[in-house]
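Single-letter residue listing:
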Amino acid sequence: MGFMDKLKGAFGKPPAKEVAKKRLQLILKYDRAGLPPNAVEAVKEAILKALEEFPFIDTSGVNIHITESENTKGKIEIEVPVKNG
Amino acid sequence: MADKVICITSGKGGVGKSTVTANIATALAMKGYKVVAIDADIGLRNLDLVLGLENRIVYDIVHVVEGVVPPEKALVKDKKTKNLYLLPAAQTKDKSAVKPEDLVKIVEELRDKFDFIFIDSPAGIEEGFKTAVTPADTIIVVANPEMASIRDADRVVGLCEAMQKPEPKLVINRLDPKKVARGDMLDVEDVLQVLNLDLLGVVPEDRNMVSYINRGEPAVLFEESIAGKELRNIAERLLGKDVPIPRWSYSESFLDKLKKLFGSE
Ligand SMILES: Nc1ncnc2c1ncn2[C@@H]1O[C@H](COP(=O)(O)OP(=O)(O)O)[C@@H](O)[C@H]1O
Ligand SMILES: [Mg+2]
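The structure contained in this document is the topic of the report that follows. Computed from a prediction, not measured in an experiment: that's the story for all the values here.

Describing the site of ligand 1
Residues and elements named next belong to chain B. Around ligand 1 lies a shell of 14 residues, among which Gly 14, Lys 17, Ser 18, Thr 19 and Asp 206 are the nearest. In this structure, Val 15 approaches ligand 1 through a main-chain N or O atom, which is 3.2 Å from an oxygen atom. Against a free-state accessible area of 560 Å², the protein chains account for coverage of 81% of ligand 1. Within the residue set of the shell around ligand 1, elements represented by two or more residues are α1 (17-30), β7 (169-175), β8 (198-204) and α10 (209-215). In terms of residue count, α1 provides more of the shell around ligand 1 than any other element does, 3 residues in total. Each residue belonging to the shell around ligand 1 can be placed in one class, and the counts come to 5 nonpolar, 5 polar and 4 charged.

And the structure:
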């Protein structure tokens, strides 16, 4: 291993436990909502297609994610930004 | 006492349910409490092995369910620890041989005669799990600091909620302080951030565990066992004592980073 790789390993790469925690937090969000792991991607694709016909929407900025919800198993939140100008 | 009937469960197999059950039960019996441990892992009995009682079994839980003997007649008295009793699982029957209502009935019959009743749950989230959890006032989820175990533990917590049981308490088992310090293994805070449960204890990886089990002598009987010490502390916490929980955690220092950089590690 070269010095630069070691430098990256020591100071750049997150420790395995951080990676594990991030992965688990995501996995459990889907598990708790009872959704397959590609659910959000699939919803996002469908929404983007539907939004194409509106020129005032900035489709590149559409943001979609799962959050917890009080009265349902989970909630999918979608942010749809309007273009500037 | 609200914490009298305690079920130990996990979802995933092999994470240490039987080890934790045998040790906490032994620790409480050593303190003078009258304790019974019920092996609810029908068809895969092994709590008897951890306690070293396998060749004293005459009747098992299925005999009790079938009405062959009353529960008290099937109990095996521990030979090393006074006040400790085992209700063994059947080795030949399948999980459906004991239904939730059967175990509820057995627990009710034993309730007045014991200070603590432990139920060692089978792995999985099906029938056998539901049977083991149904009579419990308190549920302990055992998890290893490892992805699959934590994911399964979360499933179990969800199922307990659906069964309208109180939220399980967490025991983290087999935490390896060396791997944690290196950042290779999830530490206590990480696990709590992901699972968000009340922490009852953290049991470290103990290389002598296999030999304790081979001898049929629980780790809590050994003063020098590092796991035994934390398992005794868990028993104290069940009695309401406020014993601090060691927070083995990741703390890679600048010096460690330099060592990694220049050293051969
Ligand atoms: N703290 C520990 N340190 C080292 N080994 C352990 C520890 N806890 C459990 N084990 C080992 O893990 C294995 C599975 O434990 P067991 O209690 O039978 O799990 P389960 O009942 O959940 O299937 C056993 O071989 C046991 O020796
Ligand atoms: Mg077991």
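Some thoughts on a positive patch on the surface
All names here are of chain B. Together, Arg 56, Lys 77, Lys 79, Lys 80 and Lys 82 make up a region of like positive charge exposed at the surface. Within the secondary structure layout, Lys 77 lies in strand β3 (residues 76-77). What makes Lys 77 partly exposed here is its relative accessible area of 41%.

Some thoughts on the pairing of strand β5 (residues 116-120) of chain B
Residues and elements named next belong to chain B. Along β5, 5 of the 5 residues are buried, which leaves the element largely enclosed by surrounding structure. Covered by surrounding structure in β5 are Phe 116, Phe 118 and Asp 120 together with Ile 117 and Ile 119, the residues of both alternating faces. Direction of pairing for strand β2 (residues 35-39) relative to β5: parallel, over a ladder of 5 bridges. Each residue of the ladder has a partner; that of Val 36, found in β5, is Ile 117.

Criteria and thresholds
Residues numbered from 1 in each chain as written. Chains lettered and ligands numbered in written order. Predicted model: local features only at pLDDT ≥ 70, side-chain atom pairs only at ≥ 80, totals over all residues. Heavy atoms only, no water. Near = heavy atom within 4 Å. Polar contact = N/O pair within 3.5 Å; in protein donor to acceptor, adjacent residues only side chain to side chain. Areas by Shrake-Rupley, 256 points an atom, 1.4 Å probe, with all protein chains shown as cover. Helix = DSSP H or I, 4+ residues; strand = E, 2+ residues; numbered from the N terminus. Nonpolar A, V, L, I, M, F, W, Y, C, P; charged D, E, K, R; others polar. Patch = residues over 30% accessible without salt bridge, like charges linked within 9 Å, V, L, I, M, F, W, Y side chains within 5 Å. Salt bridge = Lys/Arg side-chain N within 4 Å of Asp/Glu carboxyl O. Lys, Arg positive; Asp, Glu negative; His and termini not counted. Charge placed at Lys NZ, Arg CZ, Asp CG, Glu CD. Buried < 20%, exposed > 50% of the residue type's maximum accessible area, 1.4 Å probe, protein only. Pairing = 2+ DSSP bridges.

These results come straight from atomic positions and should not be treated as a statement about function.
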